[in-house]
Every structure is written in structure tokens, then in C-alpha cells.
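Here's the letter readout for the chains.
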Amino acid sequence: MVENSRRAVLGGLGAGLAMTLGPARASAADRKVGYAIVGLGYYATQQIMPAFASCDRSRLVALVSGTPAKLDTFGDKYDIPASHRYSYGDFDRIRNNPDIDIVYVVLPNSLHAEYSIRAAQAGKHVMCEKPMAVSVAEGERMIAAFRQAGKKLMIGYRSRFEQYNRLAIDLARSGHVGPTRIITADHGFPITAGQWRLDRSLSGGGSLMDIGIYSLNAARYLTGEEPVEVSAIESTDRNDPRFRTVEDRINFLLRFPSGIEAVCVSSYSSSHNSYRVTGTGGWIEMSPATPYAGQAMSIHRNGETTPRTLPPGKSQFAGQLDHLAECVINDTTPIVPGEEGLADLRVIEAIYRSAAERRHIALQAM
Ligand code: NAD
């Protein structure tokens, strides 16, 4: 239930006591939405959970994990009462917890659909990490389940809440360097062995599902268009023990309806994090483009290259959390709903098909 946080009013009093006082005395401006985090791995504990401290509309109210020691450690750290700590086995009991408005699914990819749908059926809104699911069919099932439950589904595309990426979108789409002709977008890192990302049954695929999706998503958000044609090549050393079930490199070309082309890198054996939007009159470069912090932009126009620096703003993590909270408060649709995750999955499946069949794949207009 969306309720009013009295933390500001109560000063030093604990959150537990604040909750017992009820919503009556707080103003609408103080309202905070309650999140439950499912999966206490690296991304949840090191990036997402610390971000609640800088949120205006969101608060962490519950944790779900299969590891009791993690529930103890993080439950204590974030003042989560025992009644709000769940194992996967009793996940569905979240239905009875009115403090939980939104469930944030931060599990391995193949578990996203199941836990998101169960959360919707328990009457909760969901923030689901990227990739939304491991297939188009799963993504469609998720969207149908949320429609039926009347709940909101948002995908964790954090760069859409990062100020340099937002500026890049505005500049690219408004023709700051002339109409866009080519986008290059490169993402990759050398992956270490022994993790679920390298097990197809948990990841759904290799570098493309995990990191190349940033190249794809950037090409789509920088153009504001959906690709109509895809061509891809895959290069994987199947003797490398890391790549027994998933791909290493899969590089791809996208053709957009306006004639823009995107040339994209996805790699699990080399480091990349940048994109460049080249227009008829110059280019906008982001390098790095999508890290957790430290984005850097430069713009080339009239023969000169100039760095573009913005004053520090709200973190992309807090921005993302608060966006869905505001959508819940105001009953509006997130800017990155389930359909956005599904659009990426449609192209991902076409990229895999193109590489496997060694031919261009046409995509139907959405
Ligand atoms: P991680 O391995 O650090 O955490 C995964 C968590 O899931 C662990 O706590 C693990 O115990 C739990 N889990 C539950 N069931 C499991 C099972 N059957 N097998 C393995 N683990 C299981 O992974 P992570 O890096 O936190 O990634 C989690 C999700 O977050 C992925 O979908 C990933 O794509 C996404 N992610 C997004 C970003 C981003 O910037 N948006 C960054 C990192 C990860």
C-alpha cells in the first residue's frame, strides 16, 4: 500500500515506530512506495539497495532470498522486520503484506518471468531486471499476466534515468548533429568462469542477453525507432570452458525505418562500453556510455570536439526506483514498460536467428 512516510517529521525515530503511527498525519508530498527485493545478489545488494537512501518516493520494506544468512545481514542493515523477510518457498505470502507495493525481481534471467507473474498474481506491481525474460513467448506471457492483474510492469533499463543518456537521446533525436546516419554501440567485458551467466538454462543466452542488450537498447532509444532488418555474426570458441552453452561475441547490424543503421558489438571476451551517434553534421560520443557512474560525453560539430559536462544529478538507480513509485502513485505508465523489454527480446531472437542461419532477418513493424 502506498503510504505516507513520516521519517522527515519524526527525525531520529526508527522507521518501525514511524510505521505504527499510521498515515493520517503526513502530507501527500511525503508519500513513499514500498519495495520488496527478490534475489540478494551483487546487483541488488551493491547498487539497488543503497540507492533507496537517495529516493524521494521509494522505500525498502521487504527482502526475499533463499539464503537465511543474507536475510539476517541485509535485514538488519536495512531495518527490515522479521515479518518482512521471506524465503523463496513463502514468496507468495507477500500477498498478505500491504507494505509491499512493488516487487523488484533481481534474479537470474530464466527466473524473471516466474517471479514477476507470481508477484502480479499476489497483487503487486513489478520492476523486473533486464533482460525481461529469456524468450519472446515468456515476455508476452508476462505482459498478459500484468494486464489481467491490472498491475504495472517496468523493466530495469537504468540508463533511461541517467542524465547523460537522457541528454544524448534529446540531442540525437532533435538533430543536434544533423539527422542521424550511423550509430555504433559497443558493450562487452571478459567474463569470469563459474557463474550462472554461463549456464544457458539460467541466462537464456550469452553476451547478448547480458551486456550486448545495452548496445541494442541504446540503438533503439537513441533513434526512437524499431529496427526493420537485422544481420548478425557470432564468434565463439566452444573449446573455451566458459562458452560450452552460451555465445561469446555476437556482433550485429540493425536497419531502422528512417534509414539509420546501427553497428553493434556484444562480447564476453573483450571490454567495451561506448556509443557514438553520427549525424550529417558531426557526432555525439559517450565513452563510457552505460556504467554505474562516470559517463562521459563529447560532441563534434563544426570541426571541433567539445566535452559536455553536466552538474551532478540524481543517481540513475534512485531515478529508476522513484519513476515506478511515481507511476504507482499517479497511476501512469512507466517509460520502460514490459513492452520495451519485449521489443528488445524480439530483436534478440532475430539476431540469434540471423547468426545461426547466416542471413539477414526482416522484422515486422510493431
Ligand atoms: P548475482 O549472481 O550476483 O545474483 C543473483 C541472485 O539470485 C543471487 O543472490 C542468487 O543467490 C539468487 N538465485 C536465486 N535462485 C538462483 C538460481 N537458481 N541460480 C543462481 N542464483 C539464484 O547476479 P546479478 O549480477 O545480481 O544479476 C541478477 C539480475 O540482475 C540479472 O537478471 C542481471 O541481468 C541483472 N543485472 C542488471 C544490471 C543493471 O545494470 N541493470 C546489473 C547487473 C545485473
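Residues numbered from 1 in each chain as written. Predicted model: local features only at pLDDT ≥ 70, side-chain atom pairs only at ≥ 80, totals over all residues. Heavy atoms only, no water.

Asks: Account for the overall build of the protein chain, with residues named and values stated.
Replies: Of regular secondary structure, the protein chain possesses 11 helices and 16 strands. Relative to the 2.2 N^0.38 estimate, which gives 21 Å for 366 residues, the radius of gyration of the protein chain is 21 Å and therefore close to what a compact globule would have. Overall size of the protein chain, expressed as C-alpha extent along the three principal axes, is 60 × 45 × 35 Å. Counting all 366 residues of the protein chain, 55% fall into the buried class. In the protein chain, the share of contacts with a sequence separation of at least 24, taken over all contacts with a separation of at least 6, comes to 68%. (Helix = DSSP H or I, 4+ residues; strand = E, 2+ residues; numbered from the N terminus. Rg over C-alpha atoms; globule rule 2.2 N^0.38 Å. Buried < 20%, exposed > 50% of the residue type's maximum accessible area, 1.4 Å probe, protein only. Contact = heavy atoms within 4.5 Å.)

Asks: Could you give an account of the site of the ligand, with specific residues and numbers?
Replies: Surveying the vicinity of the ligand reveals 22 residues, the closest of which are Tyr 42, Asn 109, Arg 158, Trp 196 and Arg 197. The contact in question runs from a nitrogen atom of the ligand to an N or O atom on the side chain of Glu 129, over 3.0 Å. One of the side-chain nitrogen or oxygen atoms of Trp 196 is found 2.8 Å away from an oxygen atom of the ligand. When the free accessible area of the ligand is taken as 830 Å², the share hidden by the protein chains comes to 79%. In this structure the site holding the ligand corresponds to the largest pocket. Taken together, the elements giving at least two residues each to the shell around the ligand come down to helix 3 (42-51) and helix 9 (207-223). Its residues assigned to classes, the shell around the ligand shows 12 nonpolar, four polar and six charged. Each of two domains, domain 1 (3-158) and domain 2 (160-313 + 338-362), supplies a minimum of three residues to the shell around the ligand. (Near = heavy atom within 4 Å. Polar contact = N/O pair within 3.5 Å; in protein donor to acceptor, adjacent residues only side chain to side chain. Areas by Shrake-Rupley, 256 points an atom, 1.4 Å probe, with all protein chains shown as cover. 1 Å grid on protein atoms, 1.4 Å probe; cavity = no way out; pocket = protein on both sides within 12 Å on 5 of 7 lines; lining within 4 Å. Sits in = over half its atoms within 2 Å of the grid points. Nonpolar A, V, L, I, M, F, W, Y, C, P; charged D, E, K, R; others polar. Domains from an automatic or database assignment.)

Asks: Before we move on, can you summarise empty space enclosed by the protein with the specific residues and values?
Replies: Inspection of every chain in the model, using the stated rule, returns two cavities of 30 Å³ or more. There is about 90 Å³ of room inside the largest cavity. Forming the boundary of the largest cavity are Lys 130, Gly 156, Tyr 157, Arg 158, Ser 159, Ile 213, Tyr 214, Asn 217, Ala 218, Tyr 221 and Thr 290. Grouping the amino acids of the lining of the largest cavity by side-chain chemistry returns five nonpolar, four polar and two charged. (Points joined across faces, edges and corners; volume = space filled by probe spheres on them.)

Asks: How would you summarise the domain arrangement of the protein chain if you had to cite specific residues and measurements?
Replies: Looking at the assigned domains, one finds that the protein chain contains domain 1 (3-158) and domain 2 (160-313 + 338-362). Distance between the C-alpha centres of domain 1 and domain 2: 29 Å. Summing both partners gives a buried area of about 2100 Å² for domain 1 against domain 2, and 61% of it is carried by carbon and sulfur. Area buried by domain 1 at its contact with domain 2 is led by Val 136, Tyr 157 and Arg 158, which between them contribute 37% of it. For the pair domain 1 and domain 2, the number of links is two salt bridges. Counting across the domain 1 and domain 2 interface gives 15 residue pairs in polar contact (both at pLDDT 80 or more). Counting residues per element, the ones that place at least two in the side of domain 1 that touches domain 2 are helix 3, helix 6 (136-149) and strand 7 (153-155). When its residues are assigned to classes, the side of domain 1 that touches domain 2 shows 13 nonpolar, five polar and four charged. (Buried area = accessible area lost by both parts, 1.4 Å probe. Salt bridge = Lys/Arg side-chain N within 4 Å of Asp/Glu carboxyl O.)

Asks: Go over helix 5 (residues 112-121) with me, naming the residues and quoting the values.
Replies: A large share of helix 5 lies buried, amounting to eight of its 10 residues. Within the span of helix 5, buried status applies to His 112, Ala 113, Tyr 115, Ser 116, Ile 117, Arg 118, Ala 119 and Ala 120. On its buried face, helix 5 is in contact with strand 2 (31-38), strand 5 (102-105), strand 6 (125-128) and helix 6. Of the residues flanking the end of helix 5, it is Gly 123, one or two places downstream, whose phi is positive at about 85°.

Asks: Explain the sheet that holds strand 15 (residues 304-308) residue by residue, including any values.
Replies: The strand order across the open sheet built from nine strands is 15-14-13-12-8-11-10-9-16, with neighbouring strands paired in mixed fashion. Across the chains shown, the open sheet's two edge strands, defined by having one partner strand only, are strand 15 and strand 16 (361-362). Taken together, the five bridges between strand 14 (residues 297-301) and strand 15 define a ladder with antiparallel strand orientation. The residue bridging Met 297 from the neighbouring strand is Arg 308, located in strand 15. (Pairing = 2+ DSSP bridges.)

Asks: Explain the side chain of Thr 290 residue by residue, including any values.
Replies: Considering the arrangement of structural elements, one finds Thr 290 in the loop between strand 13 (282-286) and strand 14. A distance of 2.7 Å separates polar atoms of two side chains, one belonging to Thr 290 and the other to His 187. With residues near it in sequence (within four places) discarded, Thr 290 still touches Arg 158, Ser 159, Asn 165, His 187, Tyr 214, Tyr 221, Asn 273 and Gln 295.

Asks: Would you mind going over the packing of aromatic side chains in detail, with residue names and values included?
Replies: Inspection of the entire model under this criterion finds seven aromatic pairs. With centroids separated by 6.2 Å and ring planes inclined at 65°, the aromatic side chains of Tyr 43 and Phe 317 adopt a geometry described as edge-to-face. Here the residue Tyr 43 occupies a position in helix 3, and Phe 317 occupies one in helix 10 (residues 316-330), the gap between them amounting to 274 residues. The exposure class of Tyr 43 is buried, given its relative accessible area of 13%. (Phe/Tyr/Trp six-rings, centres within 6.5 Å; stacked < 30°, edge-to-face > 60°.)

Asks: Any chance you could break down the pattern of salt bridges for me, citing the residues and the numbers?
Replies: Pairing between side chains becomes possible if they bear opposite charge and their charged atoms approach one another. Applying the stated rule across the entire model yields 22 salt bridges. Note that Lys 314 and Asp 56 form a salt bridge whose closest N and O atoms lie 3.0 Å from each other. On the criterion of sequence distance, the pair formed by Lys 314 in the loop between strand 15 and helix 10 and Asp 56 in the loop between helix 3 and strand 3 (58-64) is long-range, its members being 258 residues apart. Asp 72 is paired through a salt bridge with Arg 85; the nearest N and O atoms lie 3.9 Å apart.

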